[in-house]
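Structural overview
Here are the chains, one letter per residue:
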Amino acid sequence: MTAEYVGLGGWTPAALGVPGEVRPVVAAPDPVLSRPGPEVDPTSDEAVRLAADLVATMRVSPGCVGLAAPQIGVSAQVFAVDITGHSKAVTVHGTFVLCNAQVVEATRWKAGREGCMSVPDLTGDVKRASRLVVEGVLPGTGVPVRLVTDGFEARALQHEIDHCAGLLFLDRVANAHAVYQRKVYL
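Right, let's walk through the structure included here. (Residues numbered from 1 in each chain as written. Predicted model: local features only at pLDDT ≥ 70, side-chain atom pairs only at ≥ 80, totals over all residues. Heavy atoms only, no water.)

Topic: the overall build of the protein
Note the cut-off: For helices the rule is a DSSP run of H or I covering at least 4 residues; for strands it is a run of E covering at least 2, with both sets numbered from the N terminus onward. Radius of gyration here uses only the C-alpha atoms, and the compact-globule reference equals 2.2 Å multiplied by the residue count raised to the power 0.38. Whether two residues are in contact is decided by their heavy atoms, any of which lying within 4.5 Å being enough. Accessible surface area values rest on a Shrake-Rupley calculation with a 1.4 Å probe, where residue burial reflects the displayed protein chains alone. In this charge count, Lys and Arg are treated as positive and Asp and Glu as negative; neither His nor the chain ends contribute. All charge positions are set by atom: Lys at NZ, Arg at CZ, Asp at CG, Glu at CD.
Along its length, the protein carries two helices and six strands. Starting at the N terminus, the α and β elements of the protein follow one another as α-β-β-β-β-β-α-β. Relative to the compact-globule value of 16 Å for 186 residues, the protein shows a C-alpha radius of gyration of 15 Å, a close match. For the protein, the spread of C-alpha atoms along the principal axes amounts to about 45 × 35 × 30 Å. Contacts in the protein between residues far apart in sequence, at least 24 positions, make up 70% of those at least 6 positions apart. Of the roughly 8800 Å² that the protein leaves accessible, carbon and sulfur atoms contribute 54%. Taking the average place of the 16 positive charges on the side chains of the protein and the average place of its 19 negative ones, the gap between the two points comes to 9 Å.

The structure is reproduced here in structure tokens:
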């Protein structure tokens, strides 16, 4: 992929052309959460429906800023992110879905607190890059993209890419002393 593919090019979930269905979110220790998902054909009907379902489920889930296919029981490298309006947001690309995403550059590592819909009772301190370059493919169009982001959006992207690789934030905490009972239930 080359640098000419930058940003989302105006892509929105409406480009999927199908309504999403709200799906139940699976919780740890469901085995789908610990299996690396296979790459998908981003132009397939299955990937498009999955992308729409991820967006629909994310939108009805209070406090949710990202959701990956394994979290709705599908082993696949597809996830949705939207940090719009979040108090920690700096760079915001709006609502988007990526297929087969990979981190190509990660710098400025910082620890920060994370939670997860699939681990509803816990949060943890995780060290993540606060500046990130990610390459992936938009569902439906199959257009390759290269996103440059930072701060909270960078953290959200890494969290969702981890889900697609079969990892939870609990796999990234430094030790048991960096895991906490969730104080606010959404």
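Focus on the pattern of salt bridges
Spelled out, the test is: Between Lys or Arg on one side and Asp or Glu on the other, a salt bridge is scored when a side-chain nitrogen of the former is within 4 Å of a carboxyl oxygen of the latter. Between buried and exposed lies partly exposed: a residue is buried under 20% and exposed over 50% of the maximum accessible area for its type, with that area taken using a 1.4 Å probe on protein chains only.
For the structure on display, the rule yields eight salt bridges. Of the charged contacts in the structure, one is a salt bridge between Asp162 and Arg172, with a shortest N-O distance of 2.8 Å. Within this pair, whereas Asp162 is found in helix α2 (residues 151–164), its partner Arg172 is found in the loop between α2 and β6 (179–181), the two being separated by 10 residues in sequence. Given the relative accessible area of 42%, Arg172 is considered partly exposed. Each of Glu114, Arg128, Arg155, Asp162 and Arg172 takes part in salt bridges that share partners, so that together they form one network.

Topic: the layout of surface pockets
The following threshold applies: A cavity here means a set of points on a 1 Å grid, drawn over the protein atoms and nothing else, where a 1.4 Å probe fits but cannot get out; a pocket is an open set with protein on both sides within 12 Å along at least five of seven lines, and a residue lines either one if it has an atom within 4 Å of a point. Grid points are joined across faces, edges and corners, and a volume is the space filled by probe spheres set on the points. Residue classes follow a fixed rule: Ala, Val, Leu, Ile, Met, Phe, Trp, Tyr, Cys and Pro count as nonpolar, while Asp, Glu, Lys and Arg count as charged, and any other residue, Gly among them, counts as polar.
For the second largest pocket, the calculated volume is near 190 Å³. Lining the second largest pocket, in full, are Val103, Ala106, Trp109, Val126, Lys127, Arg128, Gln158, Ile161, Asp162, Ala165, Leu167 and Arg172. When contributions to the lining of the second largest pocket are tallied by element, the ones reaching two or more residues are β3 (96–116), β4 (119–137) and α2. Tallied by class, residues from the lining of the second largest pocket come to seven nonpolar, one polar and four charged.

Looking at the side chain of Ser130
Mapped onto the secondary structure, Ser130 falls in strand β4. Ser130 has contacts with Thr107, Arg108, Trp109, Lys110, Thr149, Asp150, Gly151 and Ala154, leaving out every residue within four places of it along the chain.

Observations regarding the state of the cysteines
Quick reminder of the rule: Cysteine sulfur atoms that pair up within 2.5 Å are treated as a disulfide.
As enumerated under the stated definition, the model contains zero disulfides in all. With no disulfide of its own, Cys99 has Cys164 as its nearest cysteine by sulfur position, at a separation of 9.0 Å. For the unlinked cysteine Cys116, the closest cysteine sulfur is that of Cys64, found at 8.7 Å. Using a relative accessible area of 5% as the deciding quantity, one classes Cys116 as buried.

Some points on the pairing of strand β5 (residues 144–150)
Along any regular strand, the residues point their side chains to alternate faces of the sheet. For the record, the criterion: Following DSSP output, two strands are said to pair if at least two bridges run between them.
The two faces of β5 differ: Val145, Leu147 and Thr149 on one face are buried, but Pro144, Arg146, Val148 and Asp150 on the other face are not. Of the strand pairs in this sheet, β4 and β5 are connected by seven bridges, and their pairing is antiparallel. Counted as the bridge partner of Glu135 is Arg146 from β5. In sequence, β4 turns back onto β5 through a hairpin of six residues, with Gly140 there showing a positive phi of about 90°.

Just distances and angles here, no functional claims.
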